[in-house]
Amino acid sequence: MVLSEVALQAPITLGDRVEVFVEAPGQPLDLQQARAAHFHPGTQPVLSFGLGARPVWLRLRIDNPQPQALNLHLQVGTTWLDRLEVYVLSPEGQTQYRALTGDEQVPAQGLTPVQGFVLPVPIEVGRSELYVRLASNDPMLLPLTLMTAEQAHQIERQLSYGYGFLYGFLLALCAYNLMIYLGLRERSYLFYGLYLLSIIGVNMAYTGHGYAWLWPDSPLIQRHIILALMVLFGCSGLLFAARFLALAEHAPRVLATVRWFCALGLSSLALLYLAGQHVAATYLAFAFVSVFTVLMVALGVLTLRHGRLAGRYFLMAALCGMVGTAITALSVCGLMPYRNWTFHALELGIVIEATLLVLALAHWVREQQRAALRAEQLSRLDPLTGLRNRRSFWELAESVWSTALRNGRPLSLVMLDLDHFKQINEHGGHQAGDQALIQVAEVLTQERRSGDVLARWGGEEFMLLLPETQLEQACALAERIRLAIEAKRPLLNNVKPVVTCSLGVVELHDHVSLEALIHVADERLRQAKKLGRNRVEPPPKAQPSAW
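Below or above, wherever it landed, is the structure these notes cover. (Residues numbered from 1 in each chain as written. Predicted model: local features only at pLDDT ≥ 70, side-chain atom pairs only at ≥ 80, totals over all residues. Heavy atoms only, no water.)

### Concerning the nonpolar core
Core analysis: the largest hydrophobic core is formed by 111 residues, its most contacted members being Leu58, Val86 and Tyr192. A total of 13 residues in this core trace back to one element, the largest contributor, which is helix H6 (residues 219-244). Once residues lying within four places of it in the same chain are set aside, the contact partners of tyrosine 192 are Leu173, Asn177, Phe240, Ala354, Leu357, Val358 and Leu361. If you look at the next biggest cluster of nonpolar residues, it comprises 27 residues, including Ala432, Ala441, Ala478 and Cys501. (Core = buried A, V, L, I, M, F, W, Y, C linked by side-chain atoms within 4.5 Å. Buried < 20%, exposed > 50% of the residue type's maximum accessible area, 1.4 Å probe, protein only. Helix = DSSP H or I, 4+ residues; strand = E, 2+ residues; numbered from the N terminus. Contact = heavy atoms within 4.5 Å.)

What follows is the structure in structure tokens.
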């Protein structure tokens with residue numbers, strides 16, 4: 001190829017332009033031996049040799065017809081290569097440039113986050129030869145590109161902007177969720193924040209940001225950190241899912257399986273590391289992440305089966321994460337053609353997944369809040385009649401009582417008790433008694449005003465607190481309630497018995513407390529019972545008028 005023309009154009013992918021030679025097991029070659037080896041043409045724009053591949057030699061002959069040397073850059077686009085050797089031979093066959101790098105070298109010359117290894121290759125006038133030797137226990141994926149220094153700088157700038165957005169977005173989500181956890185102590189936010197941190201960690205490890213920024217002098221860490229973070233990424237995701245989906249409550253057996261799976265993955269990886277089986281550990285990590293993505297989708301389906309609307313967001317998020325992870329993993333392992341979008345599909349899936357999981361978490365929290373509110377409301381209501389219960393009556397009546405005392409306003413209280421209620425239960429059964437109570441509650445609800453406080457006091461007793469109401473008005477209302485209940489005659493077991501009630505009425509005068517007012521109303525109710533039942537005590541002075 002004529003590099004004087006190439007240098008002015010877009011960077012050139014070299015996979016199908018180089019020649020390839022794979023070393024025999026246990027027979028490493030030096031440069032002179034490699035020059036005599038029998039190379040074969042590359043067949044793909046991006047070469048991939050899969051997991052546990054043997055060391056590979058690449059050869060490229062370059063013609064430079066320009067009158068001056070060219071200063072180009074070779075980009076080997078993976079950051080996890082154990083050993084990378086680059087040789088440039090002059091037209092006379094002399095080694096004019098040599099570089100040794102890789103993630104097991106200190107320092108790792110040319111390591112550029114995301115881009116991989118970017119090394120300068122000077123090309124003399126005439127025909128030069130470029131030899132590259134690569135060795136790695138991790139997936140041997142080789143995106144090779146030749147470009148000018150300006151093109152390399154431009155690509156680095158574009159990738160920096162992209163990853164700056166990615167990490168900024170994920171860190172913002174992480175900080176947001178951790179702060180909410182500190183405020184609410186809801187562990188779902190904590191687990192989701194840890195899951196986001198694991199996503200950032202595994203991405204920084206395999207893109208080279210970690211080795212370039214965080215542990216540049218520790219090749220031992222770089223050798224093991226990617227696989228370890230892959231497994232931790234899966235474990236933290238399942239930990240969040242288990243909490244979010246409440247597996248301990250709804251699916252304890254599934255939770256036990258998830259815990260067993262995480263423990264098995266972590267312990268197996270540790271044992272393989274201790275045994276020095278790096279290739280086996282690599283297979284394990286990729287298999288673990290693959291199963292993890294499938295499990296996340298399965299847990300999302302389980303959520304929908306439990307009827308939780310937040311499960312829709314979770315399932316969509318899990319599907320996006322699974323598709324992105326699967327595409328990148330297959331691309332890295334050489335099981336599908338490498339493209340820029342396939343290599344970065346994991347990151348796109350992560351962004352979509354993280355966004356949908358935030359929506360799922362927000363929806364879940366809203367469901368929790370609504371459930372708590374419903375439970376709080378139900379705790380204040382009588383489950384049979386739907387009226388306020390005694391506890392709720394006290395909470396509201398105290399403020400009404402205080403207002404009447406402070407402003408010197410009238411306040412009355414009506415206490416109602418059904419007559420011969422035990423006979424209704426004995427003759428018609430408890431279902432008949434319940435129906436009678438429900439009908440009485442309907443009458444009281446229809447007769448009360450919006451500001452009155454109505455409650456089922458207990459058993460067959462009801463209480464009605466009437467602000468801005470004098471005794472005469474309260475007695476008139478009580479009489480109308482008595483007549484309405486007597487006329488109601490609910491259908492109980494195919495008969496319509498007469499249901500009557502007795503009522504005690506009292507007005508606030510010099511009573512020292514609401515309890516004292518209720519005590520007087522109760523005494524008057526008992527007096528009505530003694531005087532023959534089905535009456536109001538004290539009796540109204542006239543027929544009840546419109547309220």
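### Here's the deal with empty space enclosed by the protein
In this approach the atoms are scanned with a rolling probe the size of a water molecule, which exposes any empty space left behind. Under the counting rule described, the total for this entry stands at six cavities of 30 Å³ or more. Looking at the largest cavity, its volume works out to about 320 Å³. What lines the largest cavity is a set of 20 residues, and nearest its centre among them are Tyr206, Ile226, Met230, Phe286 and Leu346. Looking at the lining of the largest cavity, the elements with two or more residues in it are helix H4 (187-207), H6, helix H9 (278-305) and helix H10 (310-332). The biggest single contributor to the lining of the largest cavity is H6, with six residues. Quantified by volume, the second largest cavity comes out at close to 60 Å³. Around the second largest cavity, the lining residues are Tyr195, Phe233, Phe292, Thr293, Met296, Ala318, Gly321, Met322, Thr325, Leu346, Ile350 and Glu353. Residue assignment for the lining of the second largest cavity shows that the elements contributing at least two residues are H9, H10 and helix H12 (345-379). Class assignment for the residues of the lining of the second largest cavity results in eight nonpolar, three polar and one charged. (1 Å grid on protein atoms, 1.4 Å probe; cavity = no way out; pocket = protein on both sides within 12 Å on 5 of 7 lines; lining within 4 Å. Points joined across faces, edges and corners; volume = space filled by probe spheres on them. Nonpolar A, V, L, I, M, F, W, Y, C, P; charged D, E, K, R; others polar.)

### A short note on unusual backbone geometry
Glycine aside, residues mostly have negative phi, and peptide bonds are mostly found in the trans state. For the bond running from valine 106 to proline 107, omega is -5°, close enough to zero to count as cis. Tracing the backbone shows proline 107 in the loop between strand E8 (95-101) and strand E9 (111-112). Note that the residue after glutamate 537, namely proline 538, is joined by a cis bond; omega there is 0°. Following the sequence through the fold, proline 538 ends up in the segment after strand E18 (536-537). A positive phi angle, close to 50°, is found at histidine 420, a residue other than glycine. Looking at the secondary structure, you find histidine 420 in the loop between strand E14 (411-418) and helix H14 (421-428). Residue asparagine 534 is not a glycine yet carries a positive backbone phi of 50°.

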